[in-house]
Each structure stands twice: as C-alpha cells, then as structure tokens.
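Each chain, letter by letter, is given below.
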Amino acid sequence: MLLELDNVKTYYGNIRALKGISIEVDKDEIVCLIGGNGAGKSTTLMTISGVLTPVEGDVLYKGQSIVSVRPDNIVRMGVCQVPEGRMIFPLLTVMENLDLGAYLRKDKDGINEDIDRVFGIFPVLRERRKQHGGTLSGGEQQMLAIARALMSRPNLLLLDEPSLGLAPILVDSIFETIRQINEQGTTILLVEQNAQLALQFSRRGYVIETGEIALSDTSAELLNNEEVKKAYLGE
Amino acid sequence: MGKLRLQDLTRGGKIRIGLLALALILPFLPFVTDYVLHIAILVLLYMILSLGLNIVPGFNGLLDLGYVGFYGIGAYTSGLLTYHFGLSFWVIIPLAFINGAIWGILLGAPTLRLTGDYFAIVTFGFSELVVLLLTNEIWLTRGPLGLPGIDVVSIDLTLFGGPKWEFIGELPYYYLAIVMVLVTVFVMYRIQDSRLGRAWFAIRDDEVAAVSCGINLLAYKVIAFAISAAFGAVGGSFFARWVTFLSPDMFKFWESFLILCMIVLGGMGNIWGVMIGAVVLVSLSEVLREILPVLGLPVQVRFLAFGLIMVLMMRFRPAGIMPIPAVAAKMRAGRVKRKKVKPAVGIKK
Ligand SMILES: Nc1ncnc2c1ncn2[C@@H]1O[C@H](COP(=O)(O)OP(=O)(O)O)[C@@H](O)[C@H]1O
Ligand SMILES: [Mg+2]
C-alpha cells in the first residue's frame, strides 16, 4: 500500500471534522474521495500532507508513519498537495510559480526537464510563461496549480477539487490530463464534489459524510449504487 | 565594462543618484544647522530600524509589536560593552548583529508556531519585559538613572602609528549613518532577490501554498525574525554611541508602534516606501514637538496624531504611500466576505 489512513481523527479545536477515517491508496491508482460541502474532504488531504495533525489514528506512507513528519519533509518524501481553490501565487509569473514548486530541488537540469514535461502536459502554460498567475483564466490557474505540484516530482499527488468553478468543457480536459499524469506514473488521490466525473476517472472511490466514510467500493460499483445516484449524481 | 554615463541610467537610477548626492552635500547647505543635522541622523537611524522591522510584517506577513525590545537590547549591550570594556564601535557592530540574531532566534523559535495574533501578543510582551529588565536590574543597567558617559565612536589608527579621530558633533555621525543605511538597503535588495526572499514572499502570500512547495515555514520565519532583530540591535548600537546616554524609557512600546507606523505609512514590504515612511514620520514628529507646546498641549499628543494618520491610511490607502501589489491584494481580500457554506447532502439519515 502506498498510502494508508487508519482511523484518523482530526479536530479544529472542538469541531470534530474527521471522526475516524480509514482510506487506502495503492501504487499507480487513481482513488477518489467524494462528498458534499463540509464533509471533511479538504481536512483529510490537509491531514495527509501534514498541515493538520490528527488527534488519533495514523497516516502511513510506504508503510512509515508520517503524522509527526513536518509538512515540507512530507513533500520531500514525494507527497504533494494541490490545495483547494487554485492556491497559486497570483503576483508571480507562471515560470516563478513553477520554480517555487521545485523549491526543494537543486538539480538544474532535472528541473528544466520537468518544466518541459509540464509544458508538454499543459501547452497553454508555455505560451503564458511570462504572465502573472493572477491574470490566467480559472482553468489555466488550475493547470498551473497542478503543474507546480508536479515540479516536486511527487509519487502521490493529492488533488483538492480540481474542477471547482471551471466551465464544463474545461473540467473534462482537466480530468483527461489527470489521467495522463497518472499514466506517466503518479498515484493520485482525488477529492471532488463532482462525483460523476470523479468516479468515471478513478478506479476506486470513497464517500465521505460528516467526517466519516459512508461507503467505499470500486468506482464502477459506486456509479451504479442507488444511494450514491440519489445523493450525489442527481438522478 | 564601459564607463557609467548619466544618460544611460534609468529614471529610477537618476533619482537614486540625485537623492544620494543631495544627502551627501546636505550638511553644507546654508539652512542646515546642527539641529537639522540631528533630525537628519534620526531619520537615517529610523530608516535602518524600519527596514529591519519590515522583514517581519512586510516580507513575511507577521505582525511584530516587540521590535523595540531588540533595539533596546542592542543599545544597552553596546553601551555596557563600551562603558565597561571600552570596546570599539567597529567591533561592537558585528557583535550587536549576532547578539540581536541570537535573541531573535531565542524568542522566535518557540513562538513563531503560534498563529498571527498570539505571536503579536508575545512580541509585545517581550518588549515590555525588556523595559522591565532594563529598569529593575540596577546592578547592570543603573535602572532609571540611565547609563551616561558612553564613549563616542572613534577611528583609532594608533596601533598602526596613525592618528585617533573621535566623532565630535553631528557631522561624522551623519555620514556614518548614511553608510549604514546604504549597507542596509543593499542587504535588503539582495535578500529580496534571493532564494530566501522568494520563500518569505511565498509564506506571506499563502502559507498553505508555500508549504505544499516544500517550504519549511517555521525555519524561514525564525530566520526572518532573527535578521530583523539583528538590524534592530545594530540600530540600537549606533543610537547608544551617538547620544552617549541610555535610559529604559527610550525603549517603551511606543517606539515599536512608531516604527510600525512608518512601515504601514510608506508601504509594507516596499524598501523605498519604508524609507519614505521614516522621513515623513520623523519629520512630522519633530514639527509636532515644536508646535504642540505652543498650542498648550503635551508632546505626547503626537501619538494621537500618529494614530489618526494610521486610521486615515487604513481607510483610504491601506497598502501605504508606495504599495506593493502583494500587500494591496491582501488588503483587498480582507474586505471580501466569505461565502456561506451550502448544507451538505448525504446518504445517511
Ligand atoms: N479552519 C477551520 N476551522 C474550523 N472548522 C473548520 C475549518 N476548516 C474546516 N472546518 C470544518 O470542518 C468540517 C470539514 O471541512 P472541510 O474538510 O473543509 O470539508 P470539505 O472539504 O469536504 O468541504 C466542516 O464542518 C468545516 O466547517
Ligand atoms: Mg474542501
């Protein structure tokens, strides 16, 4: 198992955001975590990336506990988060954003190679490389956020609602690229409110509700599950 | 390298050289008395101090209310080392820098984990503690009596058979202060364009985004705090050897507030803005010192005026006279109300 969450409980003061979550992600998978607003999806990712510390339970990466590892060291170990709401640096150029993504790396050649690689995945960013992040469209900002995360060469990419606020056509192409990134060898844990697409593009899925896992199955099964259809697929 | 020609310079470069030239000939202008020169040195001193403080709120986005604590530590360390051991100013400056940095690390490492507001309160407490120590540890500091008779700065070449030149009057201090400001500005520009600066700006703009780039938040904040404190202590050392007398109430909280005002007024995070803030507020402070007694008001009313300026700035130009985009954007964002969260859907009843 690449990543394992074992009965993780994370609180904000006395607000119990996660009440005992267990999730597994295997190498090379795309796993999705779907749920409504405030269900605890972002909290789960923040707990994995070390920004939040759980009060109970364990997070194992490659079999090793990372709950007490500093967040920058978790990035160094190969786990990188794309936070919700396209948290790019709006006043830095596209290139500067990518440079920051490679902050931990010293290998100039490797960095340039990876810049070429992400420009291959997102050709529009190459055209915009001297533009400020904040002047990009919503879709381009999301691409930049993902590209920046790829610059740290992650093994495991944590994506927090990549479709948030994007036009429907863009959403499809973002998901296509996510699949492409996965095929190039990056494992992906995908958090989404857009359950339909997330389930279409992933192998397995978890449904989270008020800080607890309500269901987990293969994505194909979840897509056919009556309860899931009623609550999340608008049928 | 070709010759540096005036017409090749950008407009900004010409302004800079012009200002520097003006600063260099200032003492010889007809209206410049010793008093004016004294104020000019004060302006330069506050430039160093506000540039040093600027690292924390301006470059890192953290409110620091205790900067004067480091200024006080620097001043007293310099004063005492001179008083007891006759240490040369040129030896004291690097010592003060290191000493300030150590205190910055000692205070910063345990407290910079705290969120913004708590951190601000801790720094405030620290500066009050410094004043208390300076007041009460009479065996060391002579307490409220103050520390008089600190040696002036001197250039002593007797070791090499040269002369010893003591800094008498305002003029040599004026030029010394200009050199110190130039060094400070140079360091600030270098930091701004370095890897360190990029990490700080990332932290200021967005901590979560910064941490997902693998930036160690605590370490970089502690470095920022230490460098800031170091400049505060260097400013204090200069102050001690310039006025040659120290007393604890020179390092009250108001001093921190004043320096913070300079930064906010000039433009947080903007090296030029911060220096302009120092010019404006030191001059204003001196003008008010003359005017207020004439109006029958106590000089402390000055702080009321500074407070009023701050309120007006926050209302009409929150990012300062010379705003930088990052801070301006933060100020705008602060005014946007958060969207209401929609109720969640669910399977479970
Ligand atoms: N910074 C915070 N402080 C307090 N409560 C929070 C904070 N962030 C999230 N919460 C609460 O934790 C719960 C889970 O939030 P979150 O993980 O952001 O949900 P999701 O990403 O699924 O929309 C919600 O009830 C939310 O109100
Ligand atoms: Mg969320």
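Residue positions are given per chain, counting from 1 as you read along its sequence in written order. Chain letters and ligand numbers both follow the written order, the letters beginning at A and the numbers at 1. Reporting of local features is limited, given that this is a predicted model, to residues whose pLDDT is at least 70; pairs of side-chain atoms are given and counted only at 80 or more, and all residues count toward the totals for whole chains, interfaces and linings. The side-chain numbers reported here are obtained from all heavy atoms of the structure, hydrogens and water having been left aside.

**Description of the pairing of strand S2 (residues 15-25) of chain A**
Looking along a regular strand, one sees side chains alternate from face to face of the sheet. Note the following rule: Two strands pair if DSSP finds at least two bridges between them. Under the DSSP-based scheme used, a helix requires at least four consecutive residues in state H or I and a strand at least two consecutive residues in state E, with every element numbered from the N terminus.
Note that strand S1 (residues 3-12) of chain A and S2(A) share 8 bridges and pair antiparallel. When the bridges of S2(A) are listed, A:Lys9 appears paired with A:Lys19.

**Focus: the pairing of strand S7 (residues 156-160) of chain A**
All names here are of chain A. Rule in force here: Between buried and exposed lies partly exposed: a residue is buried under 20% and exposed over 50% of the maximum accessible area for its type, with that area taken using a 1.4 Å probe on protein chains only. Place the viewer so that the strands point away; then a crossover is right-handed whenever the path from the first strand over the helix to the second strand goes clockwise.
For S7, a buried count of 5 out of 5 residues is recorded, marking the element as mostly surrounded by other parts of the structure. Judged by which residues are buried, S7 turns out to be covered on both faces: Leu156, Leu158 and Asp160 on one side and Leu157 and Leu159 on the other are all buried. In terms of strand pairing, strand S6 (residues 79-82) meets S7 through 4 bridges, oriented parallel. Residue Val79 lies in a different strand from S7, and its bridge partner there is Leu156. Two strands pair when backbone bridges link them, and S7 and strand S8 (residues 187-192) are joined in this way by 5 bridges, in the parallel orientation. Within S8, the position partnered with Asp160 by the bridge is Val191. Handedness of the crossover is the feature at issue here: the chain leaves S7, passes through helix H7 (residues 168-183), returns alongside S8, and the resulting connection is right-handed.

**Considerations on the coordination of the magnesium ion (ligand 2)**
Put simply, the test is: Donor atoms: N, O and S within 2.8 Å of the metal, or within 3.2 Å for Na, K and Ca. Because water is excluded, sites can look incomplete.
Distances from the magnesium ion (ligand 2) to its protein donors, namely A:Ser42 (OG) and A:Glu84 (OE), fall within the range 2.0 to 2.1 Å. Taken as a pair, A:Ser42 in helix H1 (residues 41-48) and A:Glu84 in the loop between S6 and helix H3 (94-101) lie far apart in primary sequence, 42 residues in all.

**Comments concerning the site of ligand 1**
All names here are of chain A. For clarity, the threshold we go by: We call a residue near a molecule or strand whenever a single non-hydrogen atom of that residue lies within 4 Å of it. Definition of a polar contact: a pair of N or O atoms within 3.5 Å, with one able to donate and the other able to accept a hydrogen when the atoms are protein atoms, and with sequence-neighbouring residues admitted only if both atoms are side-chain atoms. For the area figures, the Shrake-Rupley method with a 1.4 Å probe applies, and any residue is considered shielded solely by the protein chains shown.
In the region of ligand 1, the neighbouring residues are Tyr12, Ile15, Ala17, Gly36, Asn37, Gly38, Ala39, Gly40, Lys41, Ser42 and Thr43. Between an oxygen atom of ligand 1 and a main-chain N or O atom of Ala39, the distance comes to 3.2 Å. Here an oxygen atom of ligand 1 and a side-chain polar atom of Ser42 are 2.7 Å apart. Its free accessible area being 560 Å², ligand 1 has 61% of it covered by the protein chains. Secondary-structure elements contributing two or more residues to the shell around ligand 1 are S2 and H1. Top element by residues in the shell around ligand 1 is H1. It accounts for 3 residues.

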